[in-house]
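For reference, the chains in residue letters:
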Amino acid sequence: MDLDKPPAPQPPEGCLVVALRLPVRIVVLVLVVPVRLAWDALVAVARFLHATVLRPLGRALLWVGRALFVWPFVALWRWVLVPVGTALRWLGHVLVVTPLTWAYVHLLTPFGHALRWAARGVFTHLLAPVGRGLAWLARGIGALLAAAGLGLFTGAAWLVRYLLVVPAHWLYVQVLSPVGRALLWVAEALVTGAGAVLYWTARILFVLPALALWRWVLAPVGRMLAVVAREVVDALGHAWRIAGHLSRVVGRALGTLFRWIFVEPARWAYRTVLTPVGHVVRDAVLRPAARAAREVGRVTRLTLAAARDTLRETRRDVRRALFGEPRQQVAADRREPPALDPRTLGSSTTVLMKD
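Values in this document were obtained by computation on a predicted structure and should not be read as measured data.

Here is what the cut-offs are and how they apply
Residues numbered from 1 in each chain as written. Predicted model: local features only at pLDDT ≥ 70, side-chain atom pairs only at ≥ 80, totals over all residues. Heavy atoms only, no water. Helix = DSSP H or I, 4+ residues; strand = E, 2+ residues; numbered from the N terminus. Buried < 20%, exposed > 50% of the residue type's maximum accessible area, 1.4 Å probe, protein only. Contact = heavy atoms within 4.5 Å. Core = buried A, V, L, I, M, F, W, Y, C linked by side-chain atoms within 4.5 Å. Phe/Tyr/Trp six-rings, centres within 6.5 Å; stacked < 30°, edge-to-face > 60°. pLDDT = per-residue confidence, 0-100. Salt bridge = Lys/Arg side-chain N within 4 Å of Asp/Glu carboxyl O.

Asks: Any chance you could explain the overall build of the chain here in plain terms?
Replies: Scanning the chain from terminus to terminus reveals one helix and zero strands. Here the chain holds 355 residues, and 5% of them are scored as buried. Considering only contacts in the chain between residues 6 or more positions apart, those separated by 24 or more positions represent 76%.

Asks: Which parts of the structure should I look at to understand the nonpolar core?
Replies: For soluble globular proteins, the rule of thumb is that nonpolar side chains tend to be buried together. Counting residues in each nonpolar core, the largest one holds seven residues, listed as Val-24, Val-28, Val-32, Val-33, Ala-235, Ala-239 and Ala-243. Ignoring sequence-local partners within four residues, the contact set of Ala-239 consists of Val-28, Leu-29 and Val-32.

Asks: So what exactly am I meant to see when it comes to the packing of aromatic side chains here?
Replies: Working definition: an aromatic ring pair is given by the centre-to-centre distance plus the angle between the planes. In total, this model carries three aromatic pairs according to the counting rule given. Ring geometry for Tyr-199 against Trp-200: centres 5.5 Å apart, planes inclined by 75°, an arrangement best described as edge-to-face. Between Phe-258 and Phe-262, the ring centres sit 5.2 Å apart and the planes meet at 40°, which makes this aromatic pair tilted. With Phe-258 and Phe-262 both in helix H1 (residues 15-323) and four residues apart, the pair spans about one turn of that helix. Phe-258 gets classed as partly exposed once you look at its relative accessible area, which sits at 48%.

Asks: Looking at this structure, how should I read the confidence of the model for the chain?
Replies: Parts of the model with low pLDDT should not have their predicted coordinates read in detail. Averaged over every residue, the pLDDT of the chain is 81; residues scoring 70 or more account for 85%. Of the regions scoring below 50 in pLDDT, residues 351-355 engages in two contacts with residues more than four places distant in sequence or in other chains.

Asks: Explain the pattern of salt bridges to me, please; I cannot follow it from the model alone.
Replies: One side chain can pair with another of opposite charge once the charged atoms of both are near each other. Per the stated rule, a full pass over the model turns up seven salt bridges. Where Arg-267 meets Glu-264, a salt bridge forms, and the shortest distance between an N and an O atom there is 3.5 Å. Of this pair, Arg-267 and Glu-264 both sit in helix H1, three residues apart, roughly one helical turn. Take Arg-267: its relative accessible area is 41%, and that puts it in the partly exposed class. Note on Glu-264: relative accessible area 23%, which makes it partly exposed. Notably, a salt bridge pairs Arg-312 with Asp-309, separated by 3.0 Å at the nearest N-O pair. Taken together, the positions of Arg-312 and Asp-309, both in helix H1 and three residues apart, correspond to about one turn of that helix. The partly exposed category is assigned to Arg-312, whose relative accessible area is 37%. When its relative accessible area of 43% is taken as the criterion, Asp-309 is described as partly exposed.

Quick look at the structure:
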């Protein structure tokens, strides 16, 4: 069972598409090939510059930037600011935190406890009774004012109801509502008729001509322009790919010519001329010169060593002639003194074992 969906059928192409495709592709190919060749050349030059110039220059600038900006600040932070900050923190702790802590513990805390005890006593024995008395008096005055306000509000509400609300309701129900309904019916009739007239006028003057223009002019022209644009885009894609293949072929040809004109002759010259000449120069000139330089160095070192020994002997003879022979130090005998009568296992060394 084939699970793959069959490809969707392509719509048939018209004669206009077939007639436009080949000329458009030829023109686009002629225009795109030089652009693609120039683009590939610029890409190759940019890659070469990036690999040989920009990347080493960027690394050098990065190193210079680190040496000029990062490392001095790191050294300043590590060797100046951190020790100074540590010293300032210790001084702040010693000069500020410790005295403030002592003052808080031994001065402010007892003073605060005393103020709290005094405030509690004043509130309990003075302010609380006065406050309760004032609250009782305020409740009484509030009750009187509430009763008076309730009576005044009831009277004002009765007057407003029978002098304003009831006449206004009668006027709204008996006069304004019928007049408003009549005016609304007249306005709806006028609006409906005027809307119908304006609708048919706008339809005849604007909608039908615009619809005809869209259907018989703009839509065909738009379809034709869409076909032309699609063919131009497809031609650009094909031309760009063909130009890429041509650019690759031209690049390979130029690379082959460069290799056969410059690289292979240089390689042949290096392999067949410079290498034997370098070997001859190495064997005939450089190695004998190095050997002679080593012999000269060895002879120079021996001469200098003999001169140093002669100078040392001369200095010793002069010192001996001026100051005499140096006094010889007697070597101290650090060995144990020999025993006169060494003790053996067979000898009697104690009083009890003597004969």
